[in-house]
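The lines below spell out each chain.
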Amino acid sequence: MTDIATIMRTSAVIPVLVIDDAATARPLAEALVAGGLKVLEVTLRTPAALEAMAEMKKVPGAIVGAGTVVNEQQLRDVADAGAEFIVSPGLTDRLGTAVVESGIPYLPGIANAGDIMRGLDLGLTHFKFFPAETSGGLKALKALAAPFYQARFCPTGGITEASAPDWLAFDRVLCVGGSWVTGGSMADVEAKARAASALRPQIAG
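Residues numbered from 1 in each chain as written. Predicted model: local features only at pLDDT ≥ 70, side-chain atom pairs only at ≥ 80, totals over all residues. Heavy atoms only, no water.

Put simply, the rule reads: UniProt positions are given in the numbering used here, feature names are shortened, and annotations may be inferred rather than shown by experiment.
Per an unreviewed UniProt entry, the recorded name for the protein is 2-dehydro-3-deoxy-phosphogluconate aldolase, and the organism is Sphingomonas pseudosanguinis. Heading Catalytic activity (unreviewed entry) of the UniProt record for the protein holds this comment: "2-dehydro-3-deoxy-6-phospho-D-gluconate = D-glyceraldehyde 3-phosphate + pyruvate". What UniProt records for the protein under Pathway (unreviewed entry) is the sentence "Carbohydrate acid metabolism; 2-dehydro-3-deoxy-D-gluconate degradation; D-glyceraldehyde 3-phosphate and pyruvate from 2-dehydro-3-deoxy-D-gluconate: step 2/2."

## Notes on the side chain of threonine 68
The condition is simple: The helix count covers DSSP runs of H or I at least four residues long, the strand count covers runs of E at least two residues long, and both are numbered beginning at the N terminus. By the criterion applied in these results, polar contacts are pairs of N or O atoms within 3.5 Å in which, for protein atoms, one can donate a hydrogen and the other can accept it, and in which residues neighboring in sequence qualify only through two side-chain atoms.
Tracing the backbone shows threonine 68 in the loop between strand E3 (63-67) and helix H4 (72-80). Of the polar contacts made by the side chain of threonine 68, one reaches the side chain of arginine 45; its length is 3.5 Å.

## Comments concerning the packing of aromatic side chains
What counts here: Only the six-membered ring of Trp is used, alongside the rings of Phe and Tyr, when aromatic pairs are assigned; centres must lie within 6.5 Å, and planes under 30 degrees apart are stacked while those over 60 apart are edge-to-face, with the rest tilted. Burial here depends on accessible area, computed with a 1.4 Å probe over protein chains only, as a share of the maximum for the residue type. Under 20% is buried, over 50% is exposed, and the range in between is partly exposed.
Under the counting rule described, the total for this entry stands at 2 aromatic pairs. Judged by centre distance (6.3 Å) and plane angle (35°), the ring pair of phenylalanine 127 and phenylalanine 153 falls under tilted. Taken together, the residues phenylalanine 127 in strand E6 (residues 126-129) and phenylalanine 153 in strand E7 (residues 152-155) connect sequence positions 26 residues apart. When sorted by exposure, phenylalanine 127 lands in the same class as phenylalanine 153, which is buried. Centroid distance phenylalanine 129 to tryptophan 167: 6.3 Å. Interplanar angle 50°. Geometry classified as tilted. On the criterion of sequence distance, the pair formed by phenylalanine 129 in strand E6 and tryptophan 167 in helix H8 (residues 164-168) is long-range, its members being 38 residues apart. Side by side, phenylalanine 129 and tryptophan 167 carry an identical accessibility label, which is buried.

## Things to note about helix H6 (residues 113-121)
Defined as follows: The arc in question is traced by the directions running from the helix axis to the C-beta atoms. Contacts are assigned to residue pairs with any non-hydrogen atoms lying within 4.5 Å of each other.
When H6 is considered as a whole, its buried residues turn out to be Asp115, Ile116 and Gly119. Projected onto a plane normal to the axis of H6, the buried residues spread over an arc of 95° and lie on a single side. Tucked into the core, H6 has its buried residues touching strand E5 (106-110), E6, helix H7 (137-145) and E7. With a side-chain oxygen positioned 3.1 Å from the backbone nitrogen of glycine 114, the residue opening H6 is asparagine 112. Glycine 123 lies just past H6 and shows a positive phi near 85°.

## Topic: the pairing of E5
Walk down a regular strand and you will see the side chains alternate between the two sheet faces. The cut-off we apply is this: When the strands point away from the viewer, a crossover counts as right-handed if the path from the first strand over the helix to the second runs clockwise. For two strands to count as paired, DSSP must find a minimum of two bridges between them.
A large share of E5 lies buried, amounting to 5 of its 5 residues. A two-sided burial pattern is seen for E5, the buried positions comprising Tyr106, Pro108 and Ile110 on one face and Leu107 and Gly109 on the other. Read as a crossover between parallel neighbours, the route from strand E4 (residues 86-88) over helix H5 (residues 93-102) to E5 is right-handed. Where E5 meets E6, 2 bridges bridge the pair, whose relative direction is parallel. Bridging from a neighbouring strand, isoleucine 110 pairs with phenylalanine 129 of E6.

What follows is the structure, encoded as structure tokens:
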């Protein structure tokens with residue numbers, strides 16, 4: 001199984017997807033992958049999410065994970081659905097331990113030093129900074145990252161096409177999560193994905 005660091009380094013932008021109709025999932029995944037964005041986060045914000053994941057996994061090259069996982073039952077559900085990675089909006093000892101024990105690559109949400117320390121205690125070093133913009137933006141992440149030399153981040157929440165390059169210029173950021181690539185027709189999605197896939201992070205060591 002691919003580790004979370006490798007998944008995060010696959011492309012600089014991870015589309016954060018809210019799927020209301022599973023019938024749209026496969027065409028959307030095909031457009032995103034064709035544009036160069038292979039890592040897809042399907043959030044558990046709709047009843048269609050699990051079926052959407054299954055449809056997206058049929059697309060060659062797609063790496064399909066589950067986002068907004070907040071408890072152990074959801075973890076079991078997405079594991080059964082074949083999630084290739086797990087993303088949560090926050091980090092609790094209970095969920096974190098369960099995901100680590102599952103062996104599925106994990107990207108937990110953090111917003112402060114205590115969250116990162118909880119993650120480090122679980123053996124985790126890669127985190128989602130969430131919600132990025134309302135948690136103080138890039139300035140806050142730089143201050144937060146300073147004491148934790150081993151930590152790497154995927155800022156998510158309020159990231160736009162215009163702001164993504166600034167985040168990616170911080171060498172502790174491996175990728176960003178965003179939803180701006182998903183609007184419009186499938187041709188529009190592919191074009192946005194192609195532009196996003198051209199972005200490059202300034203990765204530290």
